[in-house]
Amino acid sequence: MTQNEEIARRRTFAIISHPDAGKTTLTEKLLLFGGAIHVAGAVKSNKIKKTATSDWMEIEKQRGISVATSVMGFDYEGYKINILDTPGHQDFAEDTYRTLTAVDSVIIVVDVAKGVEQQTRRLMEVCRMRNTPVIIFVNKLDREGRDPFEILDELESELKISVRPLSWPINIGAKFKGVYNIYEHSLDLFTPDKQRVSERVEIDNLDDPRIDEAVGETDAAKLREDIELIDGVYPEFSTEEYLEGKSAPVFFGSALNTFGVKELLDCFVKIAPAPKPVTAEERVVRPDEPNFSGFVFKIHANMDPNHRSCIAFVKVCSGKFERNAPYRHIRQGKILKFAAPTAFMAQKKSIVDEAWPGDIVGIPDTGNFKIGDTLTQGEELHFKGLPSFSPEMFKYIENTDPMKTKQLEKGIHQLMDEGVAQLFINQFNGRKIIGTVGQLQFEVIQYRLLHEYGAQCRWEPISLYKACWIESDDPEALAQFKRRKHQFMALDNQGRDVFLADSNYVLQMARNDNPAIRFHTSSEY
Ligand code: G4P
């Protein structure tokens, strides 16, 4: 196959949802269709249970499993599909944001009873920032839930994207009878079955009496009415608008019952984008360029505490990645060769000789890589777009074992390079502040520092509202602001200036009083 053919058949995407909407179940069903797994339940352990109590064994187990499930590749009808897993627990949202930079499209799973939930809303914001094409799967139709029209309205208003149903349910909950596939003009009848695909009724069009036979006259009439309404209210589905991230096709089904999943997958492979050009600081890099380039979007460190082993996940952006070829690590200015790059097919890792744009390669590493690093065949490129958002929670980290100061330092820096949390160093008192999305991350850091580095730490409270990256075209204004606010100035892990605002009011005042300064709550500005 030529490079262009390899690119054209690749679909690299992530499934995102609020915990419990059915992401794991849907992933598993897609893998079943791809023949990548043979029984349901194989992916199940792929998440930290969403209980409030943190279970360390579970986290460790998760870290072990998540390397295998970080990327799940499989072939389906000539397409090469790469599903990038995102952590279910909301405290690891930052990890999800970064994974979204490595995908070309996204499937959002929404629970029909719960509608749009908080985490879905936030993840959608990230998709919107990047114009990522989105398909929505409304799940759990076998359970009582909300009216599908109401769900569509909510999707539009809450996710701020126009929607277009491409399938439509016939009743929901106990009376759920099936789904009319608007995209393919077919009717699928629902038979609750966790392993097998449902029954398809051949129909010519919506007026076909076979619909009445299959679902009864009343429901058939309601279906015709609904479809008429949909055609009247929602504009015709446009692949272009979907690809621009302006409109999202919506499918209905039940992942647990493998219902509506094949329709989703069949439509997905047809309309979802193949790998797209990626913007580097220097220029836009097209996937069909001859030279290899890629970037690290995820690092799994210290799988085995006895050997400092990491796996850096590299997304191939252009050219062909080859085993043992010399590649340039741009940040370090070094030439590296990778003898044992791994690809992820199904749930197995295996050494690969080559990979194409859209693929993810796992590179065993001993500390060369940081999140965001670029690899090329020589050209000086820096891929952009790995955002850091202001953390939600902040704590001072203090050493409690002076004999282990070095280990603590090393541990903190490695965990930050891995992207576990964000580090800010207060310029006034030199104290280290760790910022996270949720409480669980503090616990994970403390646990990992002890178990992987033998270092002990304790957390001390600090009351902060946001970390704002600041910049200005007026160096004098910037210097003056930093002098005035020196108690609240910090440097992030990359040495950038950050203003630590302790309340929304303080931030507003700072914005009002310093019009020459731009305050950003994300570092990718
Ligand atoms: P997540 O990864 O988004 O967190 O969700 P997950 O797939 O784990 O699904 C959450 C729960 O919802 C699971 O139940 C799963 O079985 C159930 N579920 C998923 N899809 C459907 C569906 O189409 N219909 C119904 N009725 N339930 C569905 P659980 O009780 O948390 O897990 P388990 O004990 O069943 O494994």
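Whatever comes next refers back to the structure up there.
Residues numbered from 1 in each chain as written. Predicted model: local features only at pLDDT ≥ 70, side-chain atom pairs only at ≥ 80, totals over all residues. Heavy atoms only, no water.

**Q** Looking at this model, I keep getting lost on the sheet that holds strand E10 (residues 199-201). Mind explaining?
**A** The strands making up a sheet are joined through hydrogen bonds of the backbone, oriented either antiparallel or parallel. Strand order in the open sheet made by the 4 strands is E7-E8-E9-E10, with antiparallel pairing throughout. In this open sheet, the two strands that pair with only one neighbour each are strand E7 (167-170) and E10. Strand-to-strand twist across the sheet, computed as the mean angle between neighbouring axes with direction ignored, equals 25 degrees. As paired elements, E7 and strand E8 (residues 178-181) share 4 bridges and run antiparallel to each other. Bridge pairing links Pro169 to Val179 in E8. (Pairing = 2+ DSSP bridges. Helix = DSSP H or I, 4+ residues; strand = E, 2+ residues; numbered from the N terminus. Axes fitted to C-alpha atoms, helices over the stretch in contact; angles between N-to-C directions.)

**Q** How should the sheet that holds strand E29 (residues 489-491) be read in this particular structure?
**A** With respect to topology, 8 strands assemble into an open sheet ordered E27-E24-E26-E25-E29-E30-E28-E31, the strand pairing being antiparallel. Among the strands making up the open sheet, the edge pair consists of strand E27 (457-461) and strand E31 (517-520). The sheet shows a mean angle of 40 degrees between the axes of neighbouring strands, direction not considered. Direction of pairing for strand E28 (residues 466-472) relative to strand E30 (residues 497-501): antiparallel, over a ladder of 4 bridges. The partner of Cys468 across the bridge, within E30, is Phe499. Against the sheet, helix H14 (residues 504-513) contacts E28, E30 and E31, and its axis sits at roughly 130 degrees relative to E30. (Contact = heavy atoms within 4.5 Å.)

**Q** Sorry if this is basic, but what is going on with the packing of helix H11 (residues 405-417) against helix H12 (residues 439-453) here?
**A** How two helices sit against one another is set out by the angle between their axes and by the gap between those axes. Orientation of H11 relative to H12, taken along the N-to-C sense of each, is 120 degrees, at an axis distance of 10 Å. The orientation of H11 with respect to H12, classified from their angle, is oblique. Crossing of H11 over H12 shows right-handed handedness. Residues Gln407, Leu408, Lys410, Gly411, Ile412, Gln414, Leu415 and Met416 of H11 pack against Ile445, Arg448, Leu449 and Tyr453 of H12. (Parallel < 35°, antiparallel > 145°, perpendicular 65-115°, else oblique. Left-handed = near helix turned anticlockwise from the far one by under 90°.)

**Q** Hey, could you run me through the pattern of salt bridges in this one?
**A** Think of it this way: side chains of opposite charge can pair up when their charged atoms draw near. Going through the model one piece at a time under the given rule, you end up with 42 salt bridges. Where Asp208 meets Arg210, a salt bridge forms, and the shortest distance between an N and an O atom there is 3.0 Å. A residue is classified by how much of its surface remains accessible, and Asp208, at 6% relative accessible area, is buried. Ionic pairing is found between Lys320 and Glu354, a salt bridge with its closest N-O pair at 3.3 Å. Note that Lys320 is positioned in the loop between strand E15 (310-318) and strand E16 (321-322) and Glu354 in strand E21 (residues 354-355), a separation of 34 residues in sequence. In this structure Glu354 comes out as partly exposed when scored by relative accessible area, which is 38%. One salt-bridge network, in which partners are shared between bridges, spans Glu6, Arg9, Arg10, Asp75, Lys80 and Asp359. (Salt bridge = Lys/Arg side-chain N within 4 Å of Asp/Glu carboxyl O. Buried < 20%, exposed > 50% of the residue type's maximum accessible area, 1.4 Å probe, protein only.)

**Q** Would you mind going over the nonpolar core with me for this structure?
**A** Where a protein is soluble and globular, its nonpolar side chains tend to be buried together. If you look at the biggest cluster of nonpolar residues, it comprises 67 residues, and the most contacted ones within it are Leu100, Ile108, Ile136, Val138, Leu152, Leu155 and Trp168. Residue contributions to this core peak at 5 residues, all from helix H6 (residues 148-159). Leave out the neighbours within four places in its chain, and Leu152 touches Val163, Pro165, Trp168, Tyr234, Val250 and Phe252. Ranked by size, the runner-up nonpolar core spans 29 residues in total, among them Ala21, Ile135, Phe251 and Ala272. (Core = buried A, V, L, I, M, F, W, Y, C linked by side-chain atoms within 4.5 Å.)

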